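Remarks on the overall topology
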Amino acid sequence: MRQRVAVVGGSGRMGARVVRALSEAGATAVPLSRRTGFDLTRSDSDDLTRSLEGIEAVIDCSDAADHRRATFEASAKALSRAATRAGVGQLVVVSIVGIDRPGLARMGYYQGKLAQERALATGPVPVTVVRSTQWYGFADQVYVALRLGGWGRVGLAPAMRMQPVADGAVAARLARAAMESPGSTRIELAGPEPMSVADLARRVWRARGVRARVAVLPVPGLPGFTDGSLLPGPDAELDPTTVEEWARTEGLSRPAG
């Protein structure tokens, strides 16, 4: 019998990838999101529980639209309660490397994700936390591109040191975690090499065949961006996919605007 795994946030960027990864691994993926009526902040507790009946594992790829710690925490508690009542055997949540390090204590979004982890861990359902470094697609989120005559593009990137990873590798690891034996644990996943956001942006655009110059923009008050807090620990799993390999396969399909 194929394992039934629900993906909360299954229509989002990472959630949709996880749905595909589960299907490729032989599981039955059940995408849940606001589009399907599954809303952790507004849905009735009984409705949430019914949506999870017959589900063996849940992968939480949901996000808080307001990025507030309280929203992350409330959503996690609602999911934990519903999973417990529905008899779900395991919860898996995607998170971020370094969110519990002092240098990132003032980063509201990271502290929200940390609160999400801790809220899920307080429930009786075993929780696997998959903390990943930033994804290669992060370059397109932070890189502000401007056309400059016939030269190409000029952009700004925040001063950050990290070890980015392919989005697809994160999705595959989440899927695999959900299909493994239940047991509370934490996994770190990163790419093959550390780099700055500026370096990431340059390499992505170069792989796309576009000339681009990237200037670094300091981010005052967030030492964790540059002190190594975003880098994985010594026991992290490393995916070998390089920036160029990602850009050739997936990154080139993204708009180059």
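Now for a description of the structure that goes with this document. (Residues numbered from 1 in each chain as written. Predicted model: local features only at pLDDT ≥ 70, side-chain atom pairs only at ≥ 80, totals over all residues. Heavy atoms only, no water.)

**Here we look at the layout of surface pockets**
By volume, the largest pocket is sized at about 690 Å³. Lining the largest pocket we find 23 residues, and of these Asp63, Ile96, Tyr109, Trp135 and Gln141 sit closest to its centre. Every element with two or more residues in the lining of the largest pocket is listed here: α1 (13-24), β4 (90-96), α4 (108-121) and α5 (138-142). Taken together, the residues of the lining of the largest pocket sort by class into 11 nonpolar, nine polar and three charged. Taken together, 19 residues make up the lining of the second largest pocket; nearest its centre are Gly9, Arg34, Asp39, Ser62 and Asp63. Residue classes in the lining of the second largest pocket are distributed as six nonpolar, eight polar and five charged. (1 Å grid on protein atoms, 1.4 Å probe; cavity = no way out; pocket = protein on both sides within 12 Å on 5 of 7 lines; lining within 4 Å. Points joined across faces, edges and corners; volume = space filled by probe spheres on them. Helix = DSSP H or I, 4+ residues; strand = E, 2+ residues; numbered from the N terminus. Nonpolar A, V, L, I, M, F, W, Y, C, P; charged D, E, K, R; others polar.)

**Some thoughts on the packing of helix α3 (residues 69-86) against α4**
If you want to describe how two helices pack, look at the angle between their axes and the distance between the axes. The geometry of α3 relative to α4 is characterised by a closest axis approach of 8 Å and an angle of 20° between their N-to-C directions. Here α3 is positioned roughly parallel relative to α4, judged by the angle of their axes. The interaxial crossing formed by α3 with α4 has right-handed handedness. Taking contact as the criterion, the partners of Arg69, Phe72, Glu73, Ala76, Lys77, Leu79 and Ser80 in α3 are, on α4, Tyr109, Gln111, Gly112, Lys113, Ala115, Gln116, Ala119 and Leu120. When the residues that make up the contact of α3 with α4 are grouped by side-chain class, the tally is seven nonpolar, four polar and four charged. (Axes fitted to C-alpha atoms, helices over the stretch in contact; angles between N-to-C directions. Parallel < 35°, antiparallel > 145°, perpendicular 65-115°, else oblique. Left-handed = near helix turned anticlockwise from the far one by under 90°. Contact = heavy atoms within 4.5 Å.)

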